[in-house]
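Residue strings, one per chain:
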Amino acid sequence: MRLHEYYFDNMTRHPADVGTGKLYNAFGDAYGGFQEWKADFISVSGMRGVGWVIAYYALHNEQITKHWIDDHENGHLAGCVPVLVLDLWEHAFIGDYKPAERGKYVEAFFANVDWKACEARLL
Ligand SMILES: [Fe+2]
């Protein structure tokens with residue numbers, strides 16, 4: 001259930017741009033830029049199956065990384081802090097989208113990310 005807490009806490013009804021702070025720089029350091037990181041994250045969200053896409057902040061090298069997680073409790077990396085959590089179980093979007101419209105859900109998710117909450121997870 002902890003992933004749902006991260007998921008709901010990293011969304012807002014009053015979204016704003018990612019800004020130019022520590023999180024923005026962390027995306028750039030790891031992926032060459034925010035848009036490059038976002039494209040990579042979205043590409044993972046297109047994987048077949050249900051699960052989670054999580055952008056982690058790895059404490060050992062202070063880098064953003066991302067991973068597909070099948071279950072709530074398995075596969076998390078030690079020493080990594082979840083920064084952005086996207087629920088890709090069908091129950092997360094089936095009320096608003098058809099199963100084949102998962103990309104539209106991901107697009108709507110990104111339109112409602114609370115970047116300040118995500119950045120606070122780095123600090
Ligand atoms: Fe869920």
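Basis of the calculations
Residues numbered from 1 in each chain as written. Predicted model: local features only at pLDDT ≥ 70, side-chain atom pairs only at ≥ 80, totals over all residues. Heavy atoms only, no water. Donors = N, O, S within 2.8 Å, 3.2 Å for Na, K, Ca; no water. Helix = DSSP H or I, 4+ residues; strand = E, 2+ residues; numbered from the N terminus. Buried < 20%, exposed > 50% of the residue type's maximum accessible area, 1.4 Å probe, protein only. Contact = heavy atoms within 4.5 Å. Phe/Tyr/Trp six-rings, centres within 6.5 Å; stacked < 30°, edge-to-face > 60°. Axes fitted to C-alpha atoms, helices over the stretch in contact; angles between N-to-C directions. Parallel < 35°, antiparallel > 145°, perpendicular 65-115°, else oblique. Nonpolar A, V, L, I, M, F, W, Y, C, P; charged D, E, K, R; others polar.

J.: Mind laying out the coordination of the iron ion, listing which residues take part and the relevant values?
T.: Taken together, the protein ligands of the iron ion are His 4 (NE2), Asp 87 (OD) and His 91 (NE2), with distances of 1.9 to 2.0 Å. Positions of the donor residues of the iron ion, expressed as sequence spacing, correspond to H-x82-D-x3-H. With His 4 in helix α1 (residues 2-9) and Asp 87 in strand β3 (residues 80-87), the pair connects residues that are 83 residues apart, well separated along the chain. Just as His 4 is buried, Asp 87 falls in that class too.

J.: How would you summarise the environment of Trp 37 if you had to cite specific residues and measurements?
T.: Here Trp 37 lies in helix α3 (residues 34-45). Accessibility expressed as a relative area gives 0% for Trp 37, which makes it buried. Residues in contact with Trp 37, not counting those within four places in the same chain, are Phe 27, Tyr 31, Ala 55, Ile 64, Leu 84, Phe 110 and Trp 115.

J.: Summarise the packing of aromatic side chains; cite the residues concerned and give the values.
T.: Tallied over the entire structure, the rule returns 17 aromatic pairs. Their ring planes at 85° and their centres at 6.0 Å tell us that Phe 27 and Trp 115 sit as a pair that is edge-to-face. Separated by 88 residues along the polypeptide, Phe 27 in helix α2 (residues 22-31) and Trp 115 in helix α5 (residues 115-120) bring together distant segments of the chain. Just as Phe 27 is buried, Trp 115 falls in that class too. Centre to centre, the rings of Phe 109 and Phe 110 are 5.6 Å apart; their planes meet at 85°, and the pair counts as edge-to-face. What makes Phe 109 buried here is its relative accessible area of 2%. Taken together, the ring pairs in this structure connect Tyr 7, Phe 8, Tyr 24, Phe 27, Phe 34, Trp 37, Phe 41, Trp 52, Phe 109, Phe 110 and Trp 115 into an aromatic cluster.

J.: Explain the packing of α2 against α3 residue by residue, including any values.
T.: Remark: α2 packs on α3, axes separated minimally by 7 Å, with the N-to-C direction vectors making an angle of 75°. Between α2 and α3, the crossing angle belongs to the class labelled roughly perpendicular. Residues Tyr 24, Phe 27 and Tyr 31 of α2 form the contact with α3, whose participating residues are Phe 34, Glu 36, Trp 37 and Asp 40. Its residues assigned to classes, the contact of α2 with α3 shows 5 nonpolar, no polar and 2 charged.

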